[in-house]
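Here is what each chain is made of, one letter per residue.
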Amino acid sequence: MGADLAGRIAVVTGAGSGLGAAMCGRFAAAGMAVGALDIDDARAKETAATLAGSCGVPTMSRRVDVGDPGSLERAAAAVEATLGGCDVLCANVGVQQFGAIDRLTDDDWTWVMNVNVLGTVRTVAAFLPLLRRRSGWRAVVLTASSGVFIPGVRLGAYQTSKFAVWGFGETLRQELAAEGIGVTVLFPAGMPTRHLESSARARPAEKGEWVLLPDDIDVMMSSRKMGDEHVATPEHAVRNLLTDLVADEPYVITHGAYRAAYHERLAAIEAAFDRMEHA
Ligand SMILES: NC(=O)c1ccc[n+]([C@@H]2O[C@H](COP(=O)([O-])OP(=O)(O)OC[C@H]3O[C@@H](n4cnc5c(N)ncnc54)[C@H](O)[C@@H]3O)[C@@H](O)[C@H]2O)c1
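None of these values were measured; they are calculated from a predicted model.

Caption draft 1: Spotlight on the packing of helix H1 (residues 18-29) against helix H2 (residues 41-55). Where H1 contacts H2, the two axes come as close as 10 Å, and the packing angle between them is 25°. Classified by the angle their axes make, H1 and H2 are roughly parallel. Taken as a pair, H1 and H2 cross one another with a handedness that is right-handed. Counting all contacts with H1, which are made through Ala21, Cys24, Gly25, Ala28 and Ala29, the residues of H2 involved are Thr47, Leu51 and Cys55. Among the residues forming the contact of H1 with H2, the class breakdown is six nonpolar, two polar and no charged.

Caption draft 2: Examining the pattern of salt bridges more closely. This structure, assessed with the given rule, holds 14 salt bridges. Glu179 is the partner of Arg132 in a salt bridge, and the nearest nitrogen-oxygen pair spans 2.7 Å. Highlighted residues: Arg132 in helix H4 (residues 106-133) and Glu179 in the loop between helix H5 (156-176) and strand S6 (181-187), separated in sequence by 47 residues. On the basis of relative accessible area, Arg132 is assigned to the partly exposed category, the value being 44%. Across the salt bridge formed by Arg154 and Asp216, the nearest N and O atoms sit 2.9 Å from each other. You can see Arg154 sitting in the loop between strand S5 (138-143) and H5 and its partner Asp216 sitting in helix H7 (residues 216-223), a full 62 residues away along the chain. Connected via shared salt-bridge partners are Arg103, Arg154, Asp215 and Asp216.

Caption draft 3: Local environment of the sheet that holds S5. The strand order across the open sheet built from seven strands is S3-S2-S1-S4-S5-S6-S7, with neighbouring strands paired in parallel fashion. Each edge of the open sheet carries a strand with a single partner, namely strand S3 (59-63) and strand S7 (251-253). Taken over all neighbouring pairs, the strand axes of this sheet differ in orientation by 15° on average, direction set aside. Here three bridges tie S6 to S7, and the two strands are oriented parallel to one another. Bridge assignment links Phe187 to a residue of S7, and that residue is Ile253. Together, strand S1 (9-13), strand S2 (33-38) and S3 form the strand contacts of helix H3 (residues 69-83), whose direction differs from that of S3 by roughly 160°. The sheet strands contacting H4 are S1, S2, strand S4 (88-91), S5 and S6, and the helix crosses S5 at an angle near 170°.

Caption draft 4: Main features of H4. With 28 residues, H4 should cover 40 Å at 1.5 Å per step; its first-to-last C-alpha distance of 39 Å lies within 8% of that length. At Phe127, H4 is bent by approximately 40°, the largest bend along its length, and proline Pro129 sits one to four residues beyond.

Caption draft 5: Seen up close, the environment of Asp68. Among the structural elements, Asp68 can be located in the loop between S3 and H3. For the pair Asp68 and Thr123, spaced 55 residues apart in the sequence, the C-alpha separation amounts to 9.9 Å. Sequence-distant contacts of Asp68, that is, excluding residues within four places in its chain, are made with Arg74 and Arg122.

Caption draft 6: Up close: the pairing of S5. For S5, the tally of buried residues reaches six of six residues, placing the bulk of the element in the interior. Residues Arg138, Val140 and Leu142 of S5 are buried on one face, and the alternating residues Ala139, Val141 and Thr143, pointing to the opposite face, are buried as well. Pairing of S4 with S5 involves four bridges; the strand directions are parallel. Within S5, the residue paired with Ala91 across the bridge is Leu142. A crossover connection joins S4 to the parallel S5 through H4; in handedness this β-α-β unit is right-handed.

Conventions and cut-offs
Residues numbered from 1 in each chain as written. Predicted model: local features only at pLDDT ≥ 70, side-chain atom pairs only at ≥ 80, totals over all residues. Heavy atoms only, no water. Axes fitted to C-alpha atoms, helices over the stretch in contact; angles between N-to-C directions. Helix = DSSP H or I, 4+ residues; strand = E, 2+ residues; numbered from the N terminus. Parallel < 35°, antiparallel > 145°, perpendicular 65-115°, else oblique. Left-handed = near helix turned anticlockwise from the far one by under 90°. Contact = heavy atoms within 4.5 Å. Nonpolar A, V, L, I, M, F, W, Y, C, P; charged D, E, K, R; others polar. Salt bridge = Lys/Arg side-chain N within 4 Å of Asp/Glu carboxyl O. Buried < 20%, exposed > 50% of the residue type's maximum accessible area, 1.4 Å probe, protein only. Pairing = 2+ DSSP bridges. Expected span 1.5 Å × (residues − 1). Bend = angle between axes of the 7 residues up to and from the residue. Right-handed = clockwise from strand over helix to strand, strands pointing away.

Right, here's the structure in full:
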């Protein structure tokens, strides 16, 4: 694969289930040590123990709340003390709160932005010193969403947060390029994970109840013209991850059939350029 992966160290947030657990599995299968971090301590522990058993690689786990900067700083120190550093950092946590724009509350917005956007920024800030102390191949992976290419209704807060993750990744990639640290943004489509359940559980009590109206998912799905062809398992979604990271690709489209919808938006932007040039 062009990089000696065995013995390298990967750290993944949101590693307790779904995409994060699948990323950990992909890294461990390549002989990499894995740090599994999640607000759900028991699930992070399970990911780490399973991979230590099946792949025989060093692993560690720790509870971390990416909504809390101190929690990430302590986790970074623990990872360095236990595994010896970090070569690949996956800032993968994202929470979902459905709601039409006029229904989303200030608490909905501040929670989603604090976890999805600032949580991503804080994860990078806490672990970047560890990456900088290592040498050779290193990478940062940020989990955005297909929502930035094929937006839908009732996803306002989540979608806004994922656009911000993408924007952060673009600048980070430029700023770290001279140091030889790659930055890759991942755009997953639908995956049958615990995302809604884990979002509901992770929402702090002071932010109020996590709400899902009976028609939220159907209305969102029909607005995005998405069907079964957009859904894949997390394991399938990460099949190219390591190859793309080693090649320092800026983007990973994991799965989904939204290329035509993406081209429609691209065409609308092209048309705006045309109108400007002919104005
Ligand atoms: N499932 C999908 O259809 C889908 C689609 C596109 C993008 N994504 C993105 O993929 C990423 C992973 O989601 P998933 O589908 O694997 O869901 P998941 O629920 O299986 O995994 C998310 C994990 O994040 C943890 N978590 C939640 N809040 C946290 C916090 N404050 N601090 C630390 N950990 C926290 C949860 O405990 C959970 O284990 C997210 O960024 C999500 O937005 C998911």
